[in-house]
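Structural characterization, general
Single-letter residue listing:
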Amino acid sequence: MKSRELGFLLTYAAAFYAFIILRSLQLSRDHHTKLYGLRPGWLISQRLNDVSDAQWRNFRANLPILTVVFTSFATVANVSRTLFHFKAKGMSLIWLLISLAYLSYLHGACIVFIISIASLNFLLVKIFARTKYFSFVFWIFNLFFLICNRVYEGYSFSVFGQHWAFLDNFRGTFRWHICFNFVVLRMLSFGYDYHWAHQDSRSSYKKHIQHCNLCKSGKSCYQILQERSVPDDKFAFTVYLSYLLYAPLYLTGPIINFNAFASQLDVPQNHFSVRNVAWYGVRWVFSLVLMELMTHLFYYNAFAISGVWRHLSPLDVFIVGYGVLNFMWLKFFLIWRYFRFWSLICGIEAPENMPRCINNCYNLESFWKSWHASYNKWLVRYMYIPLGGSQRKLLNIWAIFTFVALWHDLEWKLLSWAWLTCLFFIPEVLFKSAANAFQATNAFTEFLLRELRAVAGAVTITCLMVANLVGFVIGASSINWLTSRFIDRDGIPVLAGMLVTFYVGTKLMFHVQDFKQSRH
């Protein structure tokens with residue numbers, strides 16, 4: 001029975017993607033003259049390349065120089081470690097010097113703002129870490145600078161007097177207050193790891209070692225590195241600054257916590273062998289070729305940027321929206337894995353972002369765990385658990401997603417995205433609780449529960465598409481336009497087809513899960 005169902009699901013999926021590809025090619029061919037951000041292609045002759053996304057365009061253009069820079073950084077760091085047998089103290093000085101040189105190019109004189117705020121944070125942690133007011137004071141301080149940096153757009157030196165105004169001519173090539181969002185997360189991580197180092201152990205990591213195959217083999221998984229407190233001497237100012245400014249992860253992450261970083265300064269990561277790291281890099285190159293192929297053939301982002309998709313049929317609006325989300329996933333996949341690759345070469349393992357494909361997630365919880373996965377780990381450790389964890393789950397998600405929206409930027413569309421996500425989370429949590437409480441007593445009830453989960457998955461995927469398109473593409477002001485396209489006479493059949501397709505996709509994901517469980 002299951003094999004016949006799987007055969008049908010695979011046939012449907014193949015037909016769906018064949019249709020999506022053919023229709024996307026036709027849309028790109030028919031409308032390319034109306035689209036913004038297309039440039040002459042290089043991979044396929046006679047095809048334009050969609051570089052309408054500013055973030056992807058800048059990353060792609062700077063890849064050669066970034067690769068040269070990080071090759072030199074990795075060489076200096078690894079040769080210094082090998083020749084002088086440096087541990088945490090020595091390596092922190094090496095990385096601090098490398099990172100200061102890197103930031104001087106990126107931010108110019110504005111590096112003064114970064115060092116000043118970081119130094120104040122260090123003093124605050126050392127003074128208040130053992131007091132009962134620590135969390136309140138610490139969060140107020142970091143939220144204050146997170147918001148002020150954006151409101152005042154990185155400040156102006158002329159505010160401190162006209163004799164400093166000349167420094168505004170040396171602000172570097174990259175806005176420091178954009179990158180500082182990641183620095184805030186690292187400052188909070190340092191503070192709490194220091195705070196918890198002076199309390200009883202918060203983690204059952206000894207029990208974890210007994211059940212983790214990697215740890216039992218003599219290596220250290222990231223979970224252990226994160227939870228195990230480092231000695232007091234690792235909380236020195238030089239180690240702290242080298243953590244905040246660590247060049248390979250400075251611009252985009254992935255986000256690593258202080259305990260994990262400091263312990264790997266002492267003993268470089270041993271999870272990935274040289275061969276594993278090399279293969280990781282090769283796979284990244286293949287993914288880059290896939291992205292280039294995608295942007296040469298399908299102009300999804302250009303449709304969204306140009307606004308042309310607003311004049312398309314509901315079916316074509318769905319195809320472009322679905323394509324834009326897949327483009328975004330692959331874009332972040334490439335950016336995050338590029339910088340993680342260089343960090344691995346330098347001996348520091350950070351959590352993997354995008355461990356699961358965007359098309360292999362059928363509920364909100366698994367989606368967020370596998371999108372910005374390192375940020376999710378950070379949120380769980382430093383916000384979700386301190387706020388009460390699963391006991392207050394429905395309340396916690398509002399505080400956490402509001403913080404996530406503010407952390408990204410001060411925009412209404414991001415707050416709309418955050419609150420829409422929270423609204424969609426509520427029925428999922430309630431449904432999961434009911435499903436866990438319900439015990440399938442026979443084959444029919446087991447079948448019925450599986451079908452209900454597939455229907456819930458289809459609805460959830462639709463909600464995820466809406467929330468992410470609102471938050472990162474069209475903005476809150478266009479919610480009415482998006483919904484109106486699918487509730488009129490032409491749109492309802494498309495909406496029904498979407499739900500059926502996502503239902504089929506969810507059932508296919510169930511089979512993938514069953515296969516993985518059978519292997520284990």
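Residues numbered from 1 in each chain as written. Predicted model: local features only at pLDDT ≥ 70, side-chain atom pairs only at ≥ 80, totals over all residues. Heavy atoms only, no water.

Now for the layout of surface pockets. The gaps of empty space that remain are located by a probe, the size of a water molecule, rolled over the atoms. The volume enclosed by the second largest pocket comes to roughly 530 Å³. Lining the second largest pocket we find 25 residues, and of these Y17, Y322, I358, N359 and M509 sit closest to its centre. Looking at the lining of the second largest pocket, the elements that each hand over two or more residues are α1 (2-31), α15 (314-345), α20 (443-474) and α22 (491-519). Residue contributions to the lining of the second largest pocket peak at seven residues, all from α22. Partitioned by chemical class, the residues of the lining of the second largest pocket number 19 nonpolar, six polar and no charged. (1 Å grid on protein atoms, 1.4 Å probe; cavity = no way out; pocket = protein on both sides within 12 Å on 5 of 7 lines; lining within 4 Å. Points joined across faces, edges and corners; volume = space filled by probe spheres on them. Helix = DSSP H or I, 4+ residues; strand = E, 2+ residues; numbered from the N terminus. Nonpolar A, V, L, I, M, F, W, Y, C, P; charged D, E, K, R; others polar.)

It is worth spelling out the nonpolar core at this point. Membership of the largest hydrophobic core comes to 162 residues, with the highest contact counts inside it found for F318 and W378. Top contributing element to this core by residue count: α15, with 21 residues. Taken together, domain 1 (1-53 + 275-518) and domain 2 (56-267) each give at least three residues to this core, which thus spans both. Setting aside anything within four residues of it in sequence, one finds F318 in contact with F16, I20, M465, F486, V494, M498 and F502. (Core = buried A, V, L, I, M, F, W, Y, C linked by side-chain atoms within 4.5 Å. Buried < 20%, exposed > 50% of the residue type's maximum accessible area, 1.4 Å probe, protein only. Domains from an automatic or database assignment. Contact = heavy atoms within 4.5 Å.)

In this section: the domain arrangement of the protein. When its domains are assigned, the protein resolves into domain 1 (1-53 + 275-518) and domain 2 (56-267). Taking only C-alpha atoms into account, the centre of domain 1 sits 30 Å from that of domain 2. Contact with domain 1, which involves 42 residues of that partner, is made by 45 residues of domain 2. When domain 1 packs against domain 2, the two sides together hide about 4,100 Å² of surface, and 66% of this comes from carbon and sulfur. On the domain 1 side of the contact with domain 2, F339, R381 and W407 bury the most area, a combined 19% of that side's loss. The interface formed by domain 1 and domain 2 holds four salt bridges in total. Of the charged contacts in the structure, one is a salt bridge between E292 and R60, with a shortest N-O distance of 2.7 Å. At the junction of domain 1 and domain 2, the tally comes to 19 residue pairs in polar contact (both at pLDDT 80 or more). At eleven residues, α15 tops the list of elements feeding residues into the side of domain 1 that touches domain 2. Split by residue class, the side of domain 1 that touches domain 2 holds 26 nonpolar, eight polar and eight charged. (Buried area = accessible area lost by both parts, 1.4 Å probe. Salt bridge = Lys/Arg side-chain N within 4 Å of Asp/Glu carboxyl O. Polar contact = N/O pair within 3.5 Å; in protein donor to acceptor, adjacent residues only side chain to side chain.)

Our next topic: the environment of N353. Its place among the elements puts N353 in the loop between α15 and α16 (364-370). Sequence-distant contacts of N353, defined by excluding residues within four places in its chain, comprise P254, W336, R337, W371, H372, A373, S374 and Y375. Within the structure, N353 has its side chain in polar contact with the backbone nitrogen of A373 (distance 3.1 Å). At a separation of 2.8 Å, a polar atom in the side chain of N353 contacts the main-chain amide nitrogen of S374.

Turning to the environment of G323, a few remarks are in order. With respect to the helices and strands, G323 occurs in helix α15. Residue G323 is classed as buried on the basis of its relative accessible area, which comes to 3%. With 29 residues separating them in the primary sequence, G323 and M294 have C-alpha atoms 9.8 Å apart. Apart from residues no more than four positions distant in its own chain, G323 is found in contact with M294 and Y300.

Looking now at the side chain of T501. Turning to its location among the elements, T501 is positioned in helix α22. If near-sequence neighbours (up to four positions away) are discounted, T501 is found in contact with Y12 and F16.

On to unusual backbone geometry. The phi torsion of most residues other than glycine is negative, and most of the peptide bonds are trans. A cis amide bond links G253 to the next residue, P254, at an omega of 5°. Inspection of the secondary structure puts P254 in the loop between α11 (247-250) and α12 (258-266). For E153, which is not a glycine, the phi torsion comes out positive at approximately 50°. Relative to the elements of secondary structure, E153 occurs in the loop between α5 (134-151) and α6 (176-197). Backbone geometry at Y155 places phi at a positive 65°, although glycine is not the residue there. As for its position among the elements, Y155 is in the loop between α5 and α6.

A word on empty space enclosed by the protein. Per the counting criterion, the structure on display carries one cavity of 30 Å³ or more. Counted as a void, the largest cavity has a volume near 40 Å³. Contributing elements (two or more residues each) for the lining of the largest cavity: α9 (222-227) and α17 (373-384). Grouping the amino acids of the lining of the largest cavity by side-chain chemistry returns five nonpolar, three polar and one charged.

As a packed pair, α6 and helix α18 (residues 393-408) sit with axes 9 Å apart at the nearest point and diverge in direction by 140°. Here α18 runs oblique to α6, going by the angle between their axes. Listed contacts from α18 to N181, F182 and L185 of α6 are F403, W407 and H408. Residue composition of the contact of α6 with α18, grouped by class: four nonpolar, two polar and no charged. (Axes fitted to C-alpha atoms, helices over the stretch in contact; angles between N-to-C directions. Parallel < 35°, antiparallel > 145°, perpendicular 65-115°, else oblique.)

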